[in-house]
Amino acid sequence: MALSVAPTDLKNILPLRKLFLQENNFQIRYDACHTRGWTDSYALMYNEEMVGYGSVKGKENINDRDTVFEFYLIPSFRNQTSLYFEGLLFSSSAAYIECQSNDLLLTHLLYQYGKNIDSDVVLFEEGVTSSLVIDEAVFRRRNEKDIVFEHKAEPVGDYILEFNKEVVATGGFLLHYNMPFADLYMEVREDYRRKGLGSFLIQEIKKQCYLAGRVPAARTSIDNAASRATLTKAGLRIAGFMLVGCVRNSKPPDEFSAQST
Ligand SMILES: CC(C)(COP(=O)(O)OP(=O)(O)OC[C@H]1O[C@@H](n2cnc3c(N)ncnc32)[C@H](O)[C@@H]1OP(=O)(O)O)[C@@H](O)C(=O)NCCC(=O)NCCS
C-alpha cells in the first residue's frame with residue numbers, strides 16, 4: 001500500500017469537503033477561510049485515490065499557515081487516521097491544531113497530538129423556541145432614518161428594537177457560513193441592559209433568520225457571561241467550544257511518503 005500526503009488545490013478537496021460538511025452538520029466557524037484564499041489544502045492519498053484532505057490556515061496571521069483546522073478521511077480509511085494525520089502535520093509543518101469540539105474526529109486528534117489545549121470561544125446552536133414577550137418593544141428592520149446609538153462591541157445590525165421611540169438594541173445574522181447556517185449577533189444600549197431586551201431581540205432575529213432560509217447559530221467569548229445567558233434565554237444551546245493546542249512533535253510517519261510545500 002502507498003499512503004501519501006501532498007499539497008493540492010482547493011478545488012480538488014471540495015468533493016470530500018461535501019462529505020465533511022454532511023458529517024459535521026453544524027456551523028463551521030472557519031468555513032469562509034477556504035474561499036477567501038486563507039488556507040493551504042492537502043490531499044491524503046491511497047495509491048492514486050484521494051481518500052481525505054487536510055486544511056491549514058494561519059492562527060494569528062493569514063499568511064503564516066501554521067494551524068491544521070480541518071481534517072477529513074473517508075470512513076473506510078479511518079483505521080489509518082493516525083498515520084494520515086502524522087503525514088499532514090509533517091507535510092504542512094503545522095505548529096498548532098485548532099478545532100471545534102463538536103468535530104469529533106479532529107478533536108480526538110487534537111488530544112492525541114496536541115498539548116496546552118485551551119478554549120476561549122463557546123459555540124451555540126438552535127435549541128428550543130422561546131416565547132418571550134416585551135409589549136413596549138417594537139422589533140423591526142432598521143432603516144436609513146434610524147438614529148442608532150454608538151456600538152462598542154458589535155456591528156450595527158439590520159434589525160432593531162425600539163423602546164420609547166428610541167433605538168435601544170440592534171442585531172442581525174451573518175451569512176458567510178456553510179449552508180444552511182447563519183451567525184447571530186446583537187448589542188443593547190448600555191442603559192437598557194438587563195431588562196430582557198437582548199434575549200427578546202435574539203428570539204425575533206432567529207425568526208428572521210429562518211425566514212431567510214438559514215438555521216441560527218452563534219459564537220461568543222467564554223468570558224462574555226451576558227452574551228451566553230442571552231443566547232440561552234432566547235433558546236440557543238451550547239454546541240461546543242473552539243479548542244486550540246500546540247502540536248507536540250511532528251516526525252515523519254513510518255510507511256509514508258509526505259511531500260512538504
Ligand atoms: C449581551 C447583551 C446583548 C445582553 O443584553 P441584555 O438586554 O442585557 O440581555 P437580557 O436582559 O435579555 O438578559 C438575558 C439573560 O442574560 C443575563 N445577563 C444579562 N447581562 C448579564 C451579565 N452582565 N452577567 C450575567 N448575566 C447577564 C440576564 O440575567 C438574563 O438571564 P435571566 O433572565 O436568566 O436572568 C448586552 O450585554 C450587550 O449588548 N453586550 C455587548 C455586546 C455583546 O457582547 N454582544 C454579544 C456578542 S455575541
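Everything here concerns the structure above.
All of the points below concern the structure found in this document. (Residues numbered from 1 in each chain as written. Predicted model: local features only at pLDDT ≥ 70, side-chain atom pairs only at ≥ 80, totals over all residues.)

A separate point is unusual backbone geometry. The step from Met 179 to Pro 180 runs through a cis peptide bond, and the omega angle for that step is 5°. For Asn 164, which is not glycine, the phi torsion reads 50° and is therefore positive. Within the element layout of this structure, Asn 164 appears in the loop between strand E8 (159–163) and strand E9 (166–174). For Asn 164, a count of 8 C-beta atoms within 10 Å puts it in the exposed group. The residue Arg 194 is not glycine, and still its phi comes out positive at about 65°. Tracing the backbone shows Arg 194 in the loop between strand E10 (181–188) and helix H5 (197–211). (Helix = DSSP H or I, 4+ residues; strand = E, 2+ residues; numbered from the N terminus. Buried ≥ 20, exposed ≤ 12 C-beta atoms within 10 Å, placed from the backbone.)

Right, let's talk about the site of the ligand for a bit. Surrounding the ligand, one finds 21 residues, the nearest of these being Arg 193, Gly 198, Ser 199, Ala 226 and Ala 229. Broken down by element, the residue count for the shell around the ligand peaks at six residues, all from helix H6 (residues 225–233). Looking at the shell around the ligand residue by residue, the classes come out as eight nonpolar, seven polar and six charged. (Near = placed C-beta within 6 Å. Nonpolar A, V, L, I, M, F, W, Y, C, P; charged D, E, K, R; others polar.)

The next subject is helix H1 (residues 10–23). With 14 residues, H1 extends 19 Å from end C-alpha to end C-alpha; this agrees with the ideal 20 Å at 1.5 Å per step. Turning to H1, its buried residues are Ile 13, Arg 17 and Phe 20. In this structure, the buried side of H1 is in contact with strand E1 (3–8), strand E2 (39–46), strand E3 (49–57) and strand E4 (67–73). (Expected span 1.5 Å × (residues − 1). Contact = placed C-beta atoms within 7 Å.)

So, about the packing of H5 against H6. In contact at an axis separation of 8 Å, H5 and H6 are set at 50° when each is read in the N-to-C sense. On the basis of the axis angle, H5 is oblique to H6. H6 is crossed by H5, and the crossing has right-handed handedness. Every residue of H6 that contacts H5 at Gly 198, Ser 199 and Ile 202 is listed here: Thr 230, Leu 231 and Lys 233. Considered class by class, the residues forming the contact of H5 with H6 number two nonpolar, three polar and one charged. (Axes fitted to C-alpha atoms, helices over the stretch in contact; angles between N-to-C directions. Parallel < 35°, antiparallel > 145°, perpendicular 65-115°, else oblique. Left-handed = near helix turned anticlockwise from the far one by under 90°.)

Core analysis: the largest hydrophobic core is formed by 56 residues, its most contacted members being Leu 44 and Leu 88. Take this core: its biggest share by element is six residues, from H5. In this structure, this core is formed jointly by two domains, domain 1 (3–120 + 243–249) and domain 2 (131–233), each of which donates at least three residues. Excluding residues within four positions of it along the chain, Leu 88 makes contact with Val 5, Tyr 42, Leu 44, Gly 54, Val 68 and Phe 71. (Core = buried A, V, L, I, M, F, W, Y, C linked by C-beta atoms within 7 Å. Domains from an automatic or database assignment.)

We now examine the environment of Asp 183. In this structure, Asp 183 sits in strand E10. Sequence-wise, Asp 183 and Ala 218 are 35 residues apart; in three dimensions their C-alpha atoms are separated by 4.8 Å. If we ignore the near neighbours within four places in the chain, the residues touching Asp 183 are Gln 27, Phe 173, Leu 174, Tyr 177, Ala 217, Ala 218 and Arg 219.

A separate point is the pairing of E2. Regular strands show a simple pattern: their side chains alternate between the two faces of the sheet. Sheet topology note: the E1/E2 ladder contains six bridges and is antiparallel. Residue Pro 7 lies in a different strand from E2, and its bridge partner there is Tyr 42. For E2 and E3, the ladder comprises eight bridges, and the chain directions are antiparallel. Bridging from a neighbouring strand, Asp 40 pairs with Val 56 of E3. Linking two consecutive strands that pair antiparallel, namely E2 and E3, is a turn of two residues; a positive phi of about 50° is found at Asn 47 within it. (Pairing = 2+ DSSP bridges.)

Position of Ile 205 among the secondary structure elements: in helix H5. Residue classification places Ile 205 among the buried positions, given that 26 C-beta atoms sit within 10 Å. Through-space distance from the C-alpha of Ile 205 to that of Phe 173 is 7.6 Å; in sequence the pair is 32 residues apart. Setting aside its immediate chain neighbours within four residues, Ile 205 contacts Tyr 159, Gly 171, Gly 172, Phe 173 and Leu 184.

Once that is clear, we can look at the environment of Ile 28. Structurally, the position occupied by Ile 28 is in the loop between H1 and helix H2 (31–35). Since 23 C-beta atoms lie within 10 Å of it, Ile 28 is described here as buried. Spatially, the C-alpha atom of Ile 28 lies 9.2 Å from that of Asp 103, the residues being 75 residues apart in sequence. Residues within four places of Ile 28 in sequence aside, it is in contact with Tyr 177 and Asn 178.

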